[in-house]
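Structural characterization, general
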Amino acid sequence: MANRYLEIFCREAEEHLASLQSGLLVLEKNPARTDLLHELLRNAHTLKGSARMVGLADISAITHTMEEQLKGMERGERTVDAQAIDLLLRGADAVALITSALMRGTTPELDVERFVAEYERGELGQHLSAEPKEAQPETLADTVRADVKTLDHLVNLVGELIINKKRLEAKLERLKEIGYALPDPHAAELASFRRDLEEDVLYLDYLIQELHGKAMGLRMLPLRTISDGLERLVRDLAQQLGREVQFQIVGQAIEMDRVLLEGLKPILIHLLTNALSHGIEAPEVRTAAGKQRRGTVLLSARHQGNSVLVEVRDDGRGMNPTSIKAAAVARGVLDQREADAISDEEALYLTFRPGFSTAEIVTDISGRGVGMDVVKKNIERVKGSVTLSSEPGSFTQVTLQLPLTLSVLDALIVACSGETFAIPTTYLQEIVKVRAIEIDTMGSGEVIKVRGATTPLYSLSGMLGLPEHRTAGDAPLSAVVLKHCDQRIACIVEAHLGYSEVVVKGLGKQFRNVRFLFGATILGDGNPALILNVPDLFESGRGVQRAPLSAEEMQAAQRRLKVLVVDDSITTRTMEQSILASQGYAVTTAVSGEDALEKSTAEQFDLVISDVEMPGINGFELTRALRESEQYRETPVIIVSSLSRDEDKRQALQSGAQAYIVKGAFDQGLLLETVQMLIG
Amino acid sequence: MGDDNSYDIRTILTQMREEYWQALAEEESEAKEMLECLVFTLGGKRYAFETHYASEVIRVPKLVRVPAVQSLIRGIFNLRGEITAAIDIRPMLGLPQPEIGATGRILVVRGENFATGILAEAAHGVQGLSFENFEPIAAGSGIKAQFLRGHFNVEDGKVILIDMETLLADPELLAGEA
C-alpha cells in the first residue's frame, strides 16, 4: 500500500473523527437531537469505506460497529443514553489512536485485536489511554526491535555480497585461463595460488549463505499473523450467507517472507470468500444431497522443497467444467470451437480469464463481485503458481505454490536483442531448439509442437518491442517454453546463458507502472539484467501482437477517455483518480452528487464512477438523474460502495448502473477491467 | 595503539569540527546572494540546477535498454547496487540531442520519490552563480519553458537555470506513463 494513500486516509479520518466527537458530545447533552444521527452515521460510514479502500481492517471493523449502533439509534431500536454514547466515543478514540500511530509509523498503544473483538460485543472493556503493554522480561532481554527498512537494507546488503562473490568466482575462472597460457614454473605457482584462493572463496560462499539464511529469517513471519483475521472473515461470511461452516487451519507456524505474506492475505481472502459464496451449499441443500449440514473449509500450509504450498479446500458443490465452459462461451471469453477443444481440467482455469468474472459482476445481480482473475493477478505479483482441482458435488481445492522469499530466485539467463534477461524458472517448462520446417502457421500466428501440444511461437524481442535479431536461414533457433496457469507459449531468444540464482532488486518508483518487468538483478560483470514478468508476456501473446506498439504510439492512437469520479471521501477519490490516470484516462472528481450533476452538464464524460452514500443526492439518485438526461442516457455508470448486500446491488442496477464493485473487495485491477470493458 | 605516540583523536576531531564551522560561517557571510549550482551542457548550451538536488556525477556506464517504455528513458544502470534510470531530458526542454560522447556524464539527482540519472553531454562542476546577474524567465515563453526558471548572465555567455523540482515531478519521467 502506497504511503500516500495512508496519509490521505489519516488526514481524512481526522476530519471525520473530529466531527464524530463533537456531534456525539452534543448528542450526549441533548439525547433528543436525533437529527444529528444521520450526519454521524455518514461520518462512520465514510470512514469505514475509506479504511477498506486502504486495507485497514481494524478501523473498518470498529467503524462498522459504530455504524451499526448509530443505525440502531436512528431506527429507535437503541436508546441514546450516556452508555451508548460512551461506547461510540471509545470507538472514535480507538480509531484516532490507530491513525495517529500509523502517521508516526509506530504501533498503537492498544491491543487492537482485542479491542475490536470486545467492541463488537459492545463491551467497553479495555481502557484506551496509556496501557503500557507488559513486556515479558525474559523476551525483552533477548530481542531488539528492528526497523523494517533496516531489515530490508540488511537483506539488500547480503544480496550485494552474493553478487560480489559471483564476481570473485568469475575472476577465478579467468585466472584458470591465464594459468593455462603461462610457461610451466609460473603456471604451477599460479595454479597453487588459485587453489588457495578458491578455498577462500568457497569459505566465503559458505559464510554468505549462512548470513543470507539468517538475514532472511529476520523477515520471516508465521502464517498465524494473518490467519486470525481470516477466521473472523469466514465466521462473518457464513453468518451473512446463512451457511454452516467449520473452518480449520493447518500449518499456522509455517513461516514466509513478510512481503509475501502481505501479498498472500488478499489472495486467501478471495479464495475463502469464493469457498463460502460459491462452494459451500446452504445447510438444507447439503442435507438433501446426503452431506453433513455443516461444510468444511480447510486452509493448510506446508513446506515443499524450496517453496510453500498453501491450499484452500472446501467440501462444497465443486466446479462443473461443463457449466464453466458454457458460461465462458456465453460471456465471449472463448468461442464454442475453442471450448470443445479444451479438457475438463483446463476448463477450470477459464475462471481465471478476466472476462469471466468481470462479466459476472456486471450481469449477475447476486454475483459477489469477487473474481478469480483478481486471485490470479495477486498470485502473479508474488511469483506463485496455482493449481485447481475439483469434483462436482464434492470438493474444490485451490493449491498455491509460493516461493519462500522474493528477494532471491532461480532464473534462466537469456540473450535477446543484444540485452540479457533473466526468466524466473517457476515459469519455465523447457528449452527447445526449433527448426524453420517445424514452424507452422495457424491463424495469424506461428505455432510449434512441443511434446505433441500445439504451442504458439513468438519472438521475445517482438513481444518486448525490441529490435529483432532473428536471422533467416536453416540454423535451429533457441526457444524457451513458458507456462502460466494452463497456458504454454514458446519464445525465441538469441541464446541461453545458463541458470543462476539471482538477487532480485526492485526497479524503484520510477518504474512502478512498467510492463514486462519484475525487477532487475546485477550480473557477475557488475551490469544489470532485467528480470522478466512472465505473466505480462502471456497477456501480450493473447493479443497476437508480433511487434507491439510503443507506449507513445499506443497513447497517441487512443483518445483520452474522460471519467468522472464521485465520492465524498478524499481517500477513495484520490485512489480511484490515480488508478485511472495511470492508465491514461482523463479524470475529473466530484465531491458530491450535486457537484457531479453540475460537472456532468458542463462537460461530456465517457463514464461515471460513483459512491452510494454521500451527503445530499446519493449515488442511486445520481445515477437515476443521469439516466433521465438526454446527454447521459447511454453513459455507463459504475457504483463503488462499501454496501455489500445483494439488495444494494439490485438497487444500483435498477437505478441504471452498469456495474457494482464492493469496496471491501476493491482491487484496482477489477476497477480497471470493469472500466476497460465498459468504455475500452 | 595505546602508546604515548598515538595522537589524540578527540582533539583532532574537535579541531576539525571547529574549522568546519568557521569555514561555513565565512562562506555564509560573503556568499549570501550566490546560488550554488551544478553546471553542465545539454543540447550544446550550458544549464544548471542547485547542488542540493545532485547526489553525484558519474561517467556513463553500460546502459541496459528497458522494453516498453518511452524513449526518454534511455536505460538503467547499476549505481552501487541500486538500479537507476538514465534519462534524456533534452526533448523535454526542446533541445537537439547530439550523441553523448566521451565527455558525457550522468548527473544523479534525488527527487522526492526517486533518484534518477540525467544524461548530459558534459559536466562542468559546481559554480556559485550570483543572483545579481539573474534574469527570470519572461512570461509566455512557450511550453518548454515550464521547466526553466531563468538564466544567469556570466562572463562568457549565459547559464540557464532548470526548475529541477518541477522537472522531477513531471509524470513524463515515470516509466510507462508517458
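A word on the nonpolar core
Counting 66 residues, the largest nonpolar core has Leu 482 of chain A together with Ile 162 of chain B as its most contacted members. Ignoring sequence-local partners within four residues, the contact set of Ile 162 of chain B consists of Phe 40, Leu 42, Tyr 47, Ala 48, Phe 49, Glu 50, Ile 89, Leu 93, Phe 147, Leu 148 and Arg 149 of chain B. In terms of nonpolar packing, the next biggest core, distinct from the first, is built from 51 residues, Val 234, Leu 237, Val 382 and Leu 402 of chain A among them.

Some words on a negative patch on the surface
All names here are of chain A. Residues Asp 58, Glu 113, Asp 228 and Glu 231 make up a contiguous surface patch of negative charge. Examined against the element boundaries, Glu 231 turns out to sit in helix H9 (residues 224–241). Residue Glu 231 is classed as partly exposed on the basis of its relative accessible area, which comes to 38%.

Details of the packing of aromatic side chains
Summed over the entire model, instances satisfying the criterion amount to seven aromatic pairs over all chains. Where Phe 115 of chain A meets Tyr 119 of chain A, the ring centres are 5.1 Å apart and the plane angle is 15°; that geometry is what we call stacked. Of the two residues, Phe 115 of chain A and Tyr 119 of chain A are both situated in helix H5 (residues 112–120); the distance of four residues between them amounts to about one turn of the helix. Tyr 119 of chain A shares its class with Phe 115 of chain A; the two are buried. Ring centres of Phe 131 of chain B and Phe 152 of chain B lie 6.0 Å apart, and the angle between their planes is 40°; this geometry places the pair in the tilted category.

Quick look at the interface of chain B and chain A
Listed by partner, the interface residues are 29 residues for chain B and 29 residues for chain A. Buried area between chain B and chain A, summed over both chains or domains, comes out near 2,500 Å², and the portion from carbon and sulfur atoms is 59%. Considering only the side of chain B, the residues that lose the most area to chain A are Arg 65, Pro 67 and Ile 83 of chain B, jointly responsible for 28% of the buried surface there. Seen at the junction of chain B and chain A, the total is two salt bridges. The partner of Lys 62 of chain B in a salt bridge is Glu 419 of chain A, and the shortest N-O contact between them spans 3.9 Å. Our enumeration of links across chain B and chain A arrives at five residue pairs in polar contact (both at pLDDT 80 or more). Of all elements in the fold, only strand S4 (73–79), strand S5 (82–87) and strand S7 (115–120) of chain B reach the threshold of two or more residues within the side of chain B that touches chain A. Element by element, the count of residues in the side of chain B that touches chain A is highest for S4 of chain B, at four residues. When the residues that make up the side of chain B that touches chain A are grouped by side-chain class, the tally is 18 nonpolar, seven polar and four charged.

Section: the sheet that holds S5 of chain B
All names here are of chain B. Strand order in the open sheet formed by five strands is S3-S6-S7-S5-S4, and the pairing between neighbours is mixed. A strand with exactly one partner marks an edge of an open sheet, and here the two such strands are strand S3 (54–59) and S4. Neighbouring strand axes in the sheet, compared pairwise and without regard to direction, differ in orientation by 30° on average.

Description of helix H12 (residues 321–330) of chain A
Residue and element names in this part refer to chain A. Along H12, the residues classified as buried are Pro 321, Ile 324, Lys 325, Ala 327 and Ala 328. Looking straight down H12, one finds its buried side chains confined to an arc of 165°; they lie on one side. Facing away from the buried side of H12, by more than 90 degrees, are the exposed residues Thr 322 and Ala 330. Regarding H12, its N-cap is Asn 320, as a side-chain oxygen of that residue lies 3.0 Å from the backbone nitrogen of Thr 322 further along. Gly 332, located one to two residues past H12, shows a positive phi value of around 75°.

Some thoughts on a nonpolar patch on the surface
Together, Ile 9, Ile 12, Leu 13 and Met 16 of chain B make up an exposed nonpolar region whose accessible area comes to about 360 Å². Classification of Ile 12 of chain B by relative accessible area gives partly exposed; the value is 34%.

Looking at the environment of Glu 135 of chain B
Residues and elements named next belong to chain B. Relative to the helices and strands, Glu 135 is located in strand S9 (residues 134–136). The spatial distance from the C-alpha of Glu 135 to the C-alpha of Gly 150 is 5.5 Å, given a sequence separation of 15 residues. Other than its neighbours up to four places away in sequence, Glu 135 contacts Gly 150, His 151 and Asn 153. Here Asn 153 takes part through its side chain, which lies 2.9 Å from a polar atom of the side chain of Glu 135.

Quick notes on the sheet that holds S9 of chain B
The pairing of strands in a sheet happens through backbone hydrogen bonds and is either parallel or antiparallel. Residue and element names in this part refer to chain B. Strand order across the open sheet formed by six strands is S8-S1-S2-S11-S10-S9, with mixed pairing between neighbours. The two strands at the open ends of the sheet, each matched to only one other strand, are strand S8 (122–130) and S9. Mean inter-strand twist for the sheet, computed between neighbouring axes without regard to direction, equals 35°.

Section: the confidence of the model for chain A
Residues and elements named next belong to chain A. Considering every residue of chain A, the mean pLDDT works out to 81; 89% of them sit at 70 or more. When pLDDT is averaged over each helix and strand of chain A, the minimum, 43, is found for helix H19 (residues 551–557) and the maximum, 93, for strand S9 (residues 419–424). Counting interchain partners and residues more than four positions distant, the pLDDT-below-50 stretch residues 129–140 has seven contacts.

Digging into helix H8 (residues 184–219) of chain A
All names here are of chain A. Compared with the 52 Å implied by 1.5 Å per residue over 36 residues, the 51 Å span of H8 between its first and last C-alpha is a close match. All buried positions along H8 are accounted for by Ala 187, Leu 190, Arg 194, Val 201, Asp 205, Ile 208, His 212, Ala 215, Met 216 and Arg 219. Its buried side turned inward, H8 meets helix H7 (148–181), strand S1 (220–222), strand S3 (255–257), helix H10 (258–279) and strand S8 (408–416).

Some points on the pattern of salt bridges
Residues and elements named next belong to chain A. According to the stated counting rule, one finds 31 salt bridges over all chains in the structure shown. Ionic pairing is found between Lys 48 and Glu 67, a salt bridge with its closest N-O pair at 2.8 Å. A residue pair is termed long-range when its members are at least 10 positions apart, and Lys 48 in helix H2 (residues 37–53) and Glu 67 in helix H3 (residues 57–74) qualify at 19 residues. For Lys 48, a relative accessible area of 5% gives the class buried. Notably, a salt bridge pairs Lys 71 with Glu 68, separated by 3.8 Å at the nearest N-O pair. Taken together, the positions of Lys 71 and Glu 68, both in helix H3 and three residues apart, correspond to about one turn of that helix. The class for Lys 71 is partly exposed, based on a relative accessible area of 25%. Sharing partners across several salt bridges, the network here consists of Lys 48, Glu 67, Glu 68 and Lys 71.

Considering the environment of Pro 615 of chain A
All names here are of chain A. For Pro 615, the position within the fold is in the loop between strand S21 (607–610) and helix H22 (619–628). Each C-alpha atom, one on Pro 615 and one on Asn 43, is 9.9 Å from the other, the two residues being 572 residues apart in sequence. When neighbours within four sequence positions are excluded, Pro 615 is seen to be in contact with Arg 42, Asp 568, Ser 592 and Glu 594.

Criteria and cut-off values
- For every chain, the first residue of the written sequence is number 1, and numbering continues from 1 onward in sequence order.
- Chains and ligands are labelled by the order in which they are written, letters from A for the one and numbers from 1 for the other.
- With pLDDT at 70 or above as the cut-off, local features in this predicted model cover only qualifying residues; side-chain atom pairs require 80 or more to be listed or tallied, and sums for whole chains, interfaces and linings still use all residues.
- No hydrogens and no water enter the side-chain calculation; it runs on all heavy atoms of the structure.
- Nonpolar core, defined: a set of buried Ala, Val, Leu, Ile, Met, Phe, Trp, Tyr and Cys residues in which side-chain atoms within 4.5 Å join the residues together.
- Type-normalised accessible area, obtained with a 1.4 Å probe on protein chains alone, sets the label of each residue: buried when under 20%, exposed when over 50%, and partly exposed for intermediate values.
- Note on definitions: a residue-residue contact is assigned when non-hydrogen atoms from the two residues lie within 4.5 Å.
- What goes into a patch is any residue over 30% in relative accessible area without a salt bridge, connected to like charges within 9 Å or, for nonpolar side chains (Val, Leu, Ile, Met, Phe, Trp, Tyr), within 5 Å.
- Residue-level accessible areas treat just the shown protein chains as cover; the underlying method is Shrake-Rupley with a 1.4 Å probe.
- Whenever Lys or Arg places a side-chain nitrogen within 4 Å of a carboxyl oxygen from Asp or Glu, that contact is recorded as a salt bridge.
- Under the counting rule used here, the positive set is Lys and Arg, the negative set is Asp and Glu, and His together with the chain ends is not counted.
- Note that the charge is assigned to NZ on lysines, CZ on arginines, CG on aspartates and CD on glutamates.
- The helix count covers DSSP runs of H or I at least four residues long, the strand count covers runs of E at least two residues long, and both are numbered beginning at the N terminus.
- By convention, a stacked pair of Phe, Tyr or Trp rings (six-membered ring in the case of Trp) has centres within 6.5 Å and planes under 30 degrees apart, an edge-to-face pair has planes over 60 apart, and any other such pair is tilted.
- The term buried area denotes the loss of accessible surface (1.4 Å probe radius) that occurs when two parts are joined, taken as the sum for both partners.
- Polar contact criterion, stated in full: a pair of N or O atoms within 3.5 Å, where within protein one must be able to donate a hydrogen and the other to accept it, and residues adjacent in sequence count only if both atoms are side-chain atoms.
- In the scheme used here, Gly and all other residues not listed as nonpolar or charged are polar, with Ala, Val, Leu, Ile, Met, Phe, Trp, Tyr, Cys and Pro taken as nonpolar and Asp, Glu, Lys and Arg as charged.
- Think of it this way: DSSP has to see at least two bridges between two strands before they count as a pair.
- To define axes, lines are fitted to C-alpha atoms, for helices over the stretch in contact only, and angles between the resulting N-to-C directions are given on a 0 to 180 degree scale.
- Summarising the geometry, the arc corresponds to the directions from the helix axis toward the C-beta atoms.
- pLDDT expresses how confident the predictor is about each individual residue, on a scale running from 0 to 100.
- The span you would expect from a helix comes to 1.5 Å times its residue count less one.

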